[in-house]
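# Architecture at a glance
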Amino acid sequence: MKALEGIKVLDFTHVQSGPTCTQLLAWFGADVIKVERPGSGDATRGQLRDIPDVDSLYFTMLNHNKRSVTLNSKSEKGKEILTKLVEECDVMVENFAPGALDRMGFSWQRIQEINSRMIYASIKGFGPGAYEDCKVYENVAQCAGGAASTTGMLGDVPTVTGAQIGDSGTGLHLALGIVTALFHREKSGKGQRVTAAMQDGVLNLCRVKLRDQQRLAKGVLKEYSQFGEGIPFGEATPRAGNDSGGGQPGRILKCKGWETDPDAYTYFITQAAVWKNICQVIGKPEWTEDEKYATPDARLPRLNKVFETIEAWTMTKTKFEVMEICNPLNIPVGPILSMKELAEEPSLRETGTIVEVDHPERGTYLSVGCPIKLSDSVVDVERSPLLGEHTKEILQEVAGLSDKEIAEAKKAGVI
Ligand code: CAO
């Protein structure tokens, strides 16, 4: 039995943030019923298509293990059907623009009237305040949540990251909120409202940068390269390039082949505990005794010299050789892996983190499986549903509609 088996989720999510949340719930065994607009469905079905007229990878990689029902929930009949679904489900999740479900007639108050055990979860761009009515996409959240101002090279423009911390990151936060509310319902018998704002989610993931903001008020940040380079600090946490944030200086260094391969780099951390091993490996055993290099504090103003010397060594090795040599010596390093390399990585296939999924219209495609592994609730990744694929069975089984009612709703364009 899967961990969330028996839990019915009314999934009103679209694009990326909400679907990542409900996909996790589906992977853990919840019956996720994705409600989509008749005819078009989730807009991502048609976005960034690689095959004409076939659900995009954008959609198929975010909506595994769900069922799809089409329903015009703005029509009177549609509202009636939706009310029946609300009565039967445990969780309702949405990430429409602020106020959309209220305008549809399904405010939190109304939902509680229909089903007091309902957990009603939403993602919005911002929490209550000046921006609460704004529509928000991934990169806006990264900018408003502090990631962009602290990412990128010093002196260059603010930079967004490839990791979808605004969308998928907030989806993760919301999923935790939902299972926590389900746990609470076991004791209280009542549902509750769960909200996660993308700005808050990003800021939570940028927690260490707010730490540095407060440290900055007390003095310079010595582990930032700009300290050793004599570049003055301003009033706010600066962009740190590829410096590591935790007081164990690290950088991205070139490896053999960097001239032609854009990913022939390694991350290299000069962890204090293994400094002796680092000095041996890079051919600088004398640095262990040299007072200019022997201690972490002594090295901080000389990080450029330290990393230039290490790089002279890493450039003689491939990124994988660096890993093979440094790992047994406990030196923390990591190859910069391209998406191509990750897609081909056998160990990720074995753990189900990268999975091959079959789809009736697109054939086989690669997806990222569930990154959280539960020993007693093993995830089987199933393909995303076609638009409205399960409309009839959901309306019969969950909403209790008769064949006649379903036929009438279809004729009226409600489903
Ligand atoms: N039947 C009838 N109407 C439906 C429906 C259905 N099954 N499903 C959705 N709709 C309607 C909504 O009720 C809404 O109508 P109104 O505007 O008239 O109230 C309308 O479709 C469109 O919803 P939207 O405003 O959310 O869509 P959008 O494309 O304009 O905006 C987005 C998209 C993402 C900017 C916005 O939804 C948003 O800000 N969401 C919250 C933050 C978020 O999750 N962002 C992450 C997006 S991924 O980067």
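To be clear, the structure that these remarks concern was listed above.
A quick note: this is a predicted structure, and the numbers were derived from the prediction, not measured.

## Let's talk about a positive patch on the surface
Where like charges cluster on the molecular surface, the positive patch consists of R37, K74, R103 and K135. By the secondary structure assignment, K74 is in the loop between β3 (66–70) and α3 (76–88).

## Describing the sheet that holds strand β8 (residues 265–269)
Read from one edge to the other, the open sheet built from three strands follows the order β7-β8-β9, with strand pairing classed as antiparallel. Single-partner strands in this sheet number two, and they are β7 (250–254) and β9 (333–335). Ignoring which end each strand starts from, the neighbouring axes of this sheet average 20 degrees apart. Alignment of β8 against β9, held across three bridges, turns out to be antiparallel. By the bridge assignment for β9, Y267 is matched with G334. Against the sheet, helix α13 (residues 303–314) makes contact with β7 and β8, and its axis sits at roughly 40 degrees relative to β7, the strand it touches most. Set on the sheet, helix α14 (residues 319–326) makes contact with β8 and β9; between it and β9 the angle comes to about 155 degrees.

## Regarding the site of the ligand
Residues in close proximity to the ligand total 24 residues, the closest being K74, A97, K135, V136 and D167. One of the backbone N or O atoms of N95 is found 2.9 Å from a nitrogen atom in the ligand. Within the side chain of R103, one N or O atom sits 2.8 Å away from an oxygen atom of the ligand. In the complex, 84% of the free accessible area of the ligand, which totals 950 Å², lies under the protein chains. The element best represented in the shell around the ligand is helix α4 (residues 100–104), accounting for three residues. Residues that form the shell around the ligand fall into these classes: ten nonpolar, seven polar and seven charged.

## Digging into the sheet that holds strand β4 (residues 91–94)
Read across the open sheet, the six strands follow the order β3-β2-β1-β4-β5-β6; overall the sheet is parallel. Two strands close off the open sheet at either side, each with one partner strand: β3 and β6 (193–197). Strand-to-strand twist in this sheet, taken as the mean axis angle between neighbours without regard to direction, amounts to 20 degrees. Bridging between strand β2 (residues 31–36) and β3 involves five bridges; their strand directions are parallel. Paired with E36 across the strands is T70, a residue of β3. Along the sheet, α3 makes contact with β1 (8–12) and β4, crossing β1 at roughly 140 degrees.

## What to know about the packing of aromatic side chains
For any pair of aromatic rings, the description consists of the separation of the ring centres together with the inter-plane angle of the planes. Counted by the stated rule, this structure contains six aromatic pairs. Summarising the aromatic geometry, the rings of Y224 and F233 are spaced 6.2 Å apart at their centres and angled 65 degrees between planes, so their arrangement reads as edge-to-face. Residue classification places F233 among the buried residues on the basis of a relative accessible area of 18%. Here a set of aromatic residues connected by ring pairs shows up, and it is made of W275, W287 and Y293. Here R362 stacks its cationic end above the ring of Y365, 5.8 Å away from the centre of that ring.

## Quick notes on unusual backbone geometry
Even without being glycine, D53 reaches a positive phi, approximately 60 degrees. Assessed through its relative accessible area of 67%, D53 is described here as exposed. A positive phi angle, close to 65 degrees, is found at N330, a residue other than glycine.

## What about the pattern of salt bridges?
For the coordinates displayed, the defined rule picks out 24 salt bridges. Residues E94 and K124 are paired through a salt bridge, measuring 2.9 Å at the closest nitrogen-oxygen approach. Residue E94 is located in strand β4, and its partner K124 is located in strand β5 (residues 119–124); the two are separated by 30 residues in the primary sequence. Residue E94 is classed as buried on the basis of its relative accessible area of 3%. Relative accessible area serves as the criterion here: at 18%, K124 is assigned to the buried category.

## Things to note about α13
Between its first and last C-alpha atoms α13 spans 16 Å; for twelve residues at 1.5 Å apiece the expected length is 16 Å, and the two agree. Inspection of α13 places L303, V306, F307, T309, I310, E311, W313 and T314 among the buried residues, and these make up the whole buried set. Residues of α13 that are buried sit in contact with β7, β8, α11 (275–281), α12 (296–299) and α14.

## Side note on the packing of helix α7 (residues 167–188) against helix α8 (residues 198–205)
One way to put it is that α7 packs onto α8 with a least axis distance of 9 Å and a crossing angle of 95 degrees. Classed by the angle they form, the pair α7 and α8 counts as roughly perpendicular. Across the interface between the two elements, D167, G169, T170 and H173 from α7 touch M198, G201, N204 and L205 from α8. Each residue belonging to the contact of α7 with α8 can be placed in one class, and the counts come to two nonpolar, five polar and one charged.

## Structural notes on the nonpolar core
Counting 32 residues, the largest nonpolar core has V9, L25, V91, V93, L174 and I178 as the members making the most contacts within it. Among the elements of the structure, α1 (17–27), β4, β5, α7, β6 and α8 are those that each provide at least two residues to this core. Among residues more than four places away in sequence, those in contact with V91 are I7, K8, V9, L10, M118, I119, I178 and L182. Counting residues in hydrophobic clusters, the runner-up holds 30 residues, among them L85, F106, I111 and L395.

What counts, and at which threshold
Think of each chain on its own: its residues are numbered from 1, step by step along the sequence as written. In keeping with the model being predicted, local features are shown solely for residues with a pLDDT of at least 70 and side-chain atom pairs are shown and tallied solely at 80 or more, while totals for entire chains, interfaces and linings include all residues. Only hydrogens and water are removed before side-chain values are computed, so all heavy atoms of the structure are retained for them. Patches here are clusters of residues that have more than 30% relative accessible area and form no salt bridge, with a 9 Å joining cutoff for like charges and a 5 Å cutoff for nonpolar side chains (Val, Leu, Ile, Met, Phe, Trp, Tyr). Here, Shrake-Rupley sampling with a 1.4 Å probe gives the accessible areas, and only protein chains in the shown set may cover a residue. Any Lys or Arg side-chain nitrogen located within 4 Å of an Asp or Glu carboxyl oxygen qualifies as a salt bridge. For this count, His and the chain ends are skipped, Lys and Arg are scored as positive, and Asp and Glu as negative. Taken as the charge centre is NZ of Lys, CZ of Arg, CG of Asp or CD of Glu, depending on the residue. The numbering of helices and of strands both runs from the N terminus, where a helix is a DSSP run of H or I of at least 4 residues and a strand a run of E of at least 2. Any two strands between which DSSP finds at least two bridges are classified as paired. Note on geometry: axes are lines fitted to C-alpha atoms, helical ones only across the stretch in contact, with angles between N-to-C directions running from 0 to 180 degrees. Contacts are assigned to residue pairs that have any heavy atoms within 4.5 Å of one another. Whether a residue is near a molecule or strand depends on its heavy atoms: it is near if one of them lies within 4 Å of it. Think of a polar contact as two N or O atoms within 3.5 Å of one another; within protein, one of them needs to be a possible hydrogen donor and the other a possible acceptor, and neighboring residues in sequence only count if both atoms come from side chains. Any residue that is not Ala, Val, Leu, Ile, Met, Phe, Trp, Tyr, Cys, Pro, Asp, Glu, Lys or Arg is counted as polar, Gly included; the first ten are nonpolar and the last four charged. Here the aromatic set is Phe, Tyr and Trp, taking the six-membered ring for Trp, and pairing holds for ring centres within 6.5 Å; pairs whose planes are under 30 degrees apart are stacked, those over 60 apart are edge-to-face, and all others are tilted. Throughout, exposure labels follow a simple rule: accessible area from a 1.4 Å probe, protein chains only, divided by the maximum for the residue type, with under 20% read as buried, over 50% as exposed, and the rest as partly exposed. The rule is short: NZ of Lys or CZ of Arg within 6 Å of the ring centre and within 35 degrees of the ring normal puts a charge over the ring. One less than the residue count of a helix, multiplied by 1.5 Å, gives the span that helix is expected to have. Relative orientations are named as follows: roughly parallel for angles under 35 degrees, roughly antiparallel for angles over 145 degrees, roughly perpendicular for angles from 65 to 115 degrees, and oblique for any other angle. The term nonpolar core refers to a set of buried residues drawn from Ala, Val, Leu, Ile, Met, Phe, Trp, Tyr and Cys, joined through side-chain atoms within 4.5 Å.

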